[in-house]
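What the coordinates show
Here is what each chain is made of, one letter per residue.
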Amino acid sequence: PYFAVAPRVGCGYPACETDSSFSEVRAMAPTTKTKHSQLDPRSPEFLLEMLDFSLGNIFITDREGIVHYVNQQTADTFGLAKEEIIHRDSAELVANNVISRSTSVMAIEQRKTVSGYVRTRIGVDLYNISTPVVGEDGEISYVVTSGLERRFIDSFLGSVEEERRALEAYKNALAYYTDKA
């Protein structure tokens, strides 16, 4: 059964490796051999291959919650092969503890963009944003979900806080020296 696959170890995705700082995120991104130089950049194959280089997760379902596309990062953070995810029902992924909840199912149910944290079967916390794509008939056609590992977000927010503190110190110093002048 496809849910019985053991978690990957050393898959190349940051969640599978030792912890490191946000400044090393790009260095931690997987390096994938590609035939991109042989593909026409206007071709769908080129686009699909390039999506596998995304640092974040990309997950596309139809209006029923059936998965039609995942990039390699999604497969790695789920601890499954792409083929084990595609054509599966998102609710089934939740029921089988592959993911703790499905923001794509929530977006379908609520008929609006939904965001939130999701934990994967290998313990990766993702912040997902699921956006319904509505057709001309007013019905949801697809839901596009993108996600980023929580520790990247936390690290980024930590960097922003450091910058805020540094700016506050500069502001205080400027006020001090302005008052002295």
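Residues numbered from 1 in each chain as written. Predicted model: local features only at pLDDT ≥ 70, side-chain atom pairs only at ≥ 80, totals over all residues. Heavy atoms only, no water.

Turning our attention to unusual backbone geometry. Within the chain, Asn-97 stands out as a residue other than glycine whose phi angle is a positive 60 degrees. Residue Asn-97 is classed as exposed on the basis of its relative accessible area, which comes to 59%. Positive phi, close to 55 degrees, is recorded for Arg-111, a residue that is not glycine. Mapped onto the fold, Arg-111 is located in the loop between helix 5 (103-110) and strand 3 (114-119). A residue is classified by how much of its surface remains accessible, and Arg-111, at 46% relative accessible area, is partly exposed. (Buried < 20%, exposed > 50% of the residue type's maximum accessible area, 1.4 Å probe, protein only. Helix = DSSP H or I, 4+ residues; strand = E, 2+ residues; numbered from the N terminus.)

Here we come to the pattern of salt bridges. Using the criterion set out here, one finds seven salt bridges in the structure. A salt bridge links Glu-149 to Arg-151; its shortest N-O distance comes to 2.7 Å. Classification of Glu-149 by relative accessible area gives buried; the value is 5%. We classify Arg-151 as partly exposed; its relative accessible area is 21%. (Salt bridge = Lys/Arg side-chain N within 4 Å of Asp/Glu carboxyl O.)

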